[in-house]
Amino acid sequence: MDHVDRILAQWNRERPDLDVGPMGLLGRIARLRTHLAREIDKTLAENGLNAASFDVLATLRRSGPPYRLSPGDLLAATMVTSGTMTNRLDQLEKAGLIERSHNPEDRRGVIIALTPKGFSVVDATVTAHVGNQHRLLEGLNDGERAALDGLLRKFLAEFE
């Protein structure tokens, strides 16, 4: 029995008229997200980043050479507001991890690019991050991972 089973047992005792089965599934997903986020945040912090800064740097890095995007492209990839993005970019620029330059195709616009320092930091961080992800999934064999991935993909598709 896990923590969620105990909660479900209490609800079943107190409200036997309710089907609390979905509460179990969603509760486990929520609890897993909390545990996983804590472990991921720890790895990112060891590399001097947080989830928000890693999100921006990783988006730039995986865009491929020359590792630069317009603010609009960054917004679309990270799904945050423009105000939130501006704050993230300000912090990353102060840290020397990104630079803003005029868009050569539109002088009114800017381009956000990884600096050499930003490239180095995000590459080291993504290496540690992927290693950590493998560690976090050690409790599942390949078949279980594939099955869980398929089910979560199907479930997520209902929302996206």
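That block above? That's the structure.
The model shown is predicted, which means the values in this text are computed figures rather than measured ones. (Residues numbered from 1 in each chain as written. Predicted model: local features only at pLDDT ≥ 70, side-chain atom pairs only at ≥ 80, totals over all residues. Heavy atoms only, no water.)

S.K.: Which residues make up the layout of surface pockets, and what values go with them?
M.R.: Reported here for the largest pocket is a volume of approximately 1400 Å³. As for the largest pocket, its lining consists of 30 residues, and the residues nearest its centre are Leu-32, Arg-33, Leu-36, Ile-40 and Leu-152. For the lining of the largest pocket, the secondary-structure elements that each account for two or more residues are helix H2 (21-46), helix H3 (51-62), helix H6 (116-136) and helix H7 (142-157). No other element matches H2, which puts 10 residues into the lining of the largest pocket. When the residues that make up the lining of the largest pocket are grouped by side-chain class, the tally is 20 nonpolar, two polar and eight charged. (1 Å grid on protein atoms, 1.4 Å probe; cavity = no way out; pocket = protein on both sides within 12 Å on 5 of 7 lines; lining within 4 Å. Points joined across faces, edges and corners; volume = space filled by probe spheres on them. Helix = DSSP H or I, 4+ residues; strand = E, 2+ residues; numbered from the N terminus. Nonpolar A, V, L, I, M, F, W, Y, C, P; charged D, E, K, R; others polar.)

S.K.: Which residues make up the packing of aromatic side chains, and what values do they have?
M.R.: Inspection of the entire model under this criterion finds two aromatic pairs. Ring geometry for Phe-155 and Phe-159: centres 5.5 Å apart, planes at 80°, overall edge-to-face. By relative accessible area, Phe-155 is classed as partly exposed at 34%. (Phe/Tyr/Trp six-rings, centres within 6.5 Å; stacked < 30°, edge-to-face > 60°. Buried < 20%, exposed > 50% of the residue type's maximum accessible area, 1.4 Å probe, protein only.)

S.K.: Go over the sheet that holds strand S3 (residues 106-114), please, and point to the residues and values.
M.R.: Think of a sheet as strands paired side by side through backbone hydrogen bonds, with each pair either parallel or antiparallel. Read from one edge of the open sheet, three strands run S1-S3-S2, paired in antiparallel fashion. On the outer flanks of this sheet lie strand S1 (68-69) and strand S2 (98-103), each paired with one strand and no other. Judged from the six bridges that link them, S2 and S3 form a sheet pairing that is antiparallel. What sits directly across from His-102, in S3, is Val-110. Its contacts with the sheet place helix H5 (residues 82-94) against S2 and S3, and it is angled at close to 115° to S2. (Pairing = 2+ DSSP bridges. Contact = heavy atoms within 4.5 Å. Axes fitted to C-alpha atoms, helices over the stretch in contact; angles between N-to-C directions.)

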